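Residues per chain are reported as follows:
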Amino acid sequence: MADTLTFTPHGRHLIAGEWVGGSASFASEPAHGAVHQFSVGTVDLVNRACEAAEEAFWSYGYSTREERAAFLNAIADEIEARADAITEIGTSETGLPVARLQGERGRTVGQLRLFASHILKGDHLDRRHDAALPDRQPLPRPDLKLVERPIGPVAVFGASNFPLAFSTAGGDTAAALAAGCPVVVKGHSAHPGTGEIVAEAVLAAIKKCGVHPGTFSLIQGGRRDVGQTLVQHPLIRAVGFTGSLAGGRALFDLCAQRPDPIPFFGELGSVNPMFLLPEALSARGYAIAQGWAGSLTQGAGQFCTNPGIAVVVDGPAADAFVASARAAVEKVGPQTMLTDGIAAAYRQGQGRIAGAPGVKGVLETVSDGRFASPNLYETTGAKWLASHALGEEVFGPLGLIVRVSDAEEMLTIARALEGQLTVTLHLDAGDTAFGQRLMPVLERKAGRVLANGFPTGVEVADAMVHGGPYPASTNFGATSVGTLSIRRFLRPVCYQNLPEALLPCDLRD
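For clarity, every value in this text was computed on a predicted model and none was experimentally measured.

Participant: What's the story with the overall build of the chain in this structure? I'm lost.
Facilitator: Scanning the chain from terminus to terminus reveals 14 helices and 21 strands. Whereas a compact globule of 509 residues would reach a radius of gyration of roughly 23 Å, the chain reaches 24 Å, a difference of no more than 12%. Projected onto the principal axes, the alpha-carbon positions of the chain cover approximately 75 × 70 × 45 Å. The proportion of buried residues among the 509 residues of the chain is 57%. At a minimum sequence separation of 6, the contacts of the chain that also span at least 24 residues come to 77%. Summing over all exposed atoms, the chain offers an accessible surface of approximately 20,000 Å²; the carbon and sulfur share of this is 54%.

Participant: Can you walk me through the packing of aromatic side chains in this structure?
Facilitator: Describing an aromatic ring pair means giving the distance of the ring centres and the angle of the ring planes. Under the defined criterion, the tally for this structure stands at 12 aromatic pairs. Here Trp 292 and Phe 321 contribute two aromatic rings whose centre-to-centre distance is 5.8 Å and whose plane-to-plane angle is 20°, an arrangement assigned as stacked. Placement of the pair is Trp 292 in helix H9 (residues 278-297) and Phe 321 in helix H10 (residues 316-329), with a sequence separation of 29 residues. Overall, the relative accessible area of 1% leaves Trp 292 in the buried class. Ring pairs connect the aromatic residues Phe 157, Phe 241, Phe 252 and Phe 264, which therefore count as one cluster. If you follow Arg 100 out to its NZ or CZ, it ends over the ring of Phe 162, 4.7 Å from the centre.

Participant: It is not clear to me how the pairing of strand S11 (residues 264-267) should be interpreted in this structure. Could you clarify?
Facilitator: In regular strands, side chains alternate between the two faces of the sheet. Alternating residues of S11 divide into Phe 264 and Gly 266 and Phe 265 and Glu 267, and every residue in both groups is buried. Two elements, strand S10 (residues 238-242) and S11, share 4 bridges in a ladder whose sense is parallel. When the sheet's bridge partners are listed, Gly 240 is paired in S11 with Phe 265.

Participant: Just checking my understanding: could you explain the sheet that holds strand S19 (residues 420-426) for this structure?
Facilitator: Across a sheet, strands are paired by hydrogen bonds formed along the backbone, either parallel or antiparallel in direction. An order of S15-S17-S18-S13-S12-S19-S20 is seen for the 7 strands of this open sheet, with the pairing classed as mixed. Each of the sheet's edge strands pairs with one partner strand only, and the pair in question is strand S15 (360-363) and strand S20 (446-451). Direction aside, the axes of adjacent strands within the sheet are offset by 20° on average. In the sheet, strand S13 (residues 309-313) pairs with strand S18 (residues 398-404) via 5 bridges, with the strands oriented parallel. When the bridges of S18 are listed, Val 313 appears paired with Val 404. The strands that H10 touches are strand S12 (274-276), S13, S15, strand S17 (375-380) and S18; relative to S18, the one it contacts most, it runs at about 175°.

Participant: Any chance you could explain the sheet that holds strand S5 (residues 128-130) here in plain terms?
Facilitator: With antiparallel pairing, the 3 strands of this open sheet are ordered in space as S5-S6-S21. Across the chains shown, the open sheet's two edge strands, defined by having one partner strand only, are S5 and strand S21 (490-496). The mean angle between the axes of side-by-side strands here comes to 25°, regardless of whether they run parallel or antiparallel. Looking at chain direction, strand S6 (residues 144-150) and S21 are connected through 7 bridges and run antiparallel. Counterpart to Lys 145 in the pairing with S21 is Tyr 495.

Participant: When you look at the pairing of S10 in this model, what are you seeing that I'm missing?
Facilitator: Burial analysis of S10 places 5 of its 5 residues in the buried class, the great majority of the element. Burial along S10 is two-sided: the face carrying Ala 238, Gly 240 and Thr 242 and the face carrying Val 239 and Phe 241 are both buried. In terms of handedness, the path from S10 via helix H8 (residues 245-257) over to S11 forms a crossover that is right-handed.

Participant: Would you mind going over H9 with me for this structure?
Facilitator: Along an α-helix, residues three or four positions apart point the same way, because every turn accommodates 3.6 residues. For H9, which comprises 20 residues, the first-to-last C-alpha distance of 25 Å sits more than 12% below the rise-based estimate of 28 Å (1.5 Å per residue). Taken as a whole, H9 carries its principal kink of about 90° at Arg 284. Within H9, burial applies to Ala 280, Leu 281, Gly 285, Ile 288, Ala 289, Trp 292, Ala 293, Ser 295, Leu 296 and Thr 297. Looking at the residues trailing H9, positive phi occurs at Gly 299, about 60°.

Participant: In this structure, what is going on with the nonpolar core? I would like to understand it.
Facilitator: It is characteristic of soluble globular proteins that their nonpolar side chains tend to be buried jointly. In this structure, Phe 71, Ile 75, Ile 79, Phe 275, Met 410, Leu 438 and Phe 489 are the most contacted members of the largest nonpolar core, which totals 87 residues. Looking at this core element by element, the count peaks at 8 residues for helix H6 (residues 192-209). Residues in contact with Leu 438, not counting those within four places in the same chain, are Leu 277, Met 410, Leu 411, Ala 414 and Leu 425. Formed by 23 residues, the second largest nonpolar core is a distinct cluster that contains Val 184, Val 226, Val 231 and Ile 236.

Participant: Would you take a moment to explain the pattern of salt bridges for this structure?
Facilitator: Side chains bearing opposite charge may pair, as long as their charged atoms lie close to each other. Scanning the model with the defined rule gives 18 salt bridges in all. Residue Lys 208 is joined to Glu 78 by a salt bridge in which the shortest nitrogen-to-oxygen separation is 3.0 Å. In this pair, Lys 208 is assigned in helix H6 and Glu 78 in helix H2 (residues 65-81), connecting sequence segments 130 residues apart. Lys 208 sits in the exposed class, given a relative accessible area of 51%. We classify Glu 78 as buried; its relative accessible area is 13%.

Participant: Honestly, the packing of H9 against H10 in this entry has me stumped. Any pointers?
Facilitator: The relative placement of two packed helices is expressed as an angle between their axes plus a distance between the axes. Axis separation between H9 and H10 bottoms out at 8 Å; the angle between their running directions is 30°. Regarding the angle of H9 to H10, the classification is roughly parallel. As H9 packs across H10, the resulting crossing turns out to be right-handed. When H9 is examined against H10, the residues Leu 281, Ser 282, Gly 285, Tyr 286, Ile 288, Ala 289, Gln 290, Trp 292, Ala 293 and Thr 297 are found in contact with a partner set consisting of Ala 317, Ala 318, Phe 321, Ser 324, Ala 325, Ala 328 and Val 329. Among the residues forming the contact of H9 with H10, the class breakdown is 12 nonpolar, 5 polar and no charged.

Scoring rules and cut-offs
Residues numbered from 1 in each chain as written. Predicted model: local features only at pLDDT ≥ 70, side-chain atom pairs only at ≥ 80, totals over all residues. Heavy atoms only, no water. Helix = DSSP H or I, 4+ residues; strand = E, 2+ residues; numbered from the N terminus. Rg over C-alpha atoms; globule rule 2.2 N^0.38 Å. Buried < 20%, exposed > 50% of the residue type's maximum accessible area, 1.4 Å probe, protein only. Contact = heavy atoms within 4.5 Å. Areas by Shrake-Rupley, 256 points an atom, 1.4 Å probe, with all protein chains shown as cover. Phe/Tyr/Trp six-rings, centres within 6.5 Å; stacked < 30°, edge-to-face > 60°. Lys NZ or Arg CZ within 6 Å of the ring centre and 35° of its normal. Pairing = 2+ DSSP bridges. Axes fitted to C-alpha atoms, helices over the stretch in contact; angles between N-to-C directions. Right-handed = clockwise from strand over helix to strand, strands pointing away. Expected span 1.5 Å × (residues − 1). Bend = angle between axes of the 7 residues up to and from the residue. Core = buried A, V, L, I, M, F, W, Y, C linked by side-chain atoms within 4.5 Å. Salt bridge = Lys/Arg side-chain N within 4 Å of Asp/Glu carboxyl O. Parallel < 35°, antiparallel > 145°, perpendicular 65-115°, else oblique. Left-handed = near helix turned anticlockwise from the far one by under 90°. Nonpolar A, V, L, I, M, F, W, Y, C, P; charged D, E, K, R; others polar.

Structure, rendered in structure tokens:
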């Protein structure tokens, strides 16, 4: 039964099963509702959490898949038991609507259960066996067995734009726990109360399942030294991050500069360009414009898959598309952004686009305070190619239409793109030949290629890839969404001629 009581945060960190305070505190900055005080994270807390995570690894890292699946399902149960309270504090802190928080909670719970089901099947283990060939000439072959093993404690940085699905018990945490890795979460200061109540759910699951309490810790707030210490701590073996390019790159460099470099799995954002091929533009330009407007402005454009650029061949069909897009977008009023800082960055991004040479305003608005109003601009393919700034993400409801002279210039635009999370093709049957020319370029640029759709809305599934070449993410061979994300926190180990009693449980006959 859902908890209908008002949730009042206590403002402490969760370190190895204990709620710990501190001498300094910071105030939350909710979109509406009460302000709460939270203890500030410290380097000492990072050290305590990492040491507890290492201690927990000796049991949790060697637990069975059945035990870990039960733990993941218990976390999902405990989150659902706090459903109403999570929605209440989440909407207050972020300004996101109730329906969005409810949907995100469902996604968070669903991915925990999906990962539990997936590890029970054992597909993530990539088990291999080359039987011994003692009579092979000129040399015999030993018995070789391979299995993926958990890497050790993982640091996770909560995201600003997804207080549930990419934060405390979100995708990175769920994937690491599924793999058998304890987690130390650096909570995002945009929604500390939401992080706290979800941490309470994890702690309840720890107690219910008898899991080592060091398996999960949450550190709130803190200055830059807290994040730096976390990624450089010698007991941390990998980092999961969703956030800005600048912040992610700084942490990535710290991971690389360690005496023992570790993988940094950073999802850093994208402009997610759409290519509207001529036949589709002529036949369905109005419908595409309507869909684009909805995707562009959804959630105040605060999605890493927000389709910020539309590439069209100049002409009457492009004119009609621009007019339709303007008419659809201008119906969208101001929306509350997640933080004052994100709102300020949106205004700065708008100014950067509006002030770029060769850019024309299609729909220009004024955004004040924590509110964002949508904006549309257009430019030519030549101007876009000449300005790197026009290819950089603006986090919010801003769209840029790039008019190219012909299909060849569209191909040139595609080749000039940096790494993306997604690229989208809008095409009809008559566009197939040119689509075939574009595809070899686009699949090198993005982790997900769509046809006749919009990239906002990332399905949590076996085949999903949420990642891409840099700067979309720091590891093009990984995904932060879907069951494949578990493999980020595993490493292959080969066992040669070992007796069965010494093998991991997952390799024993």
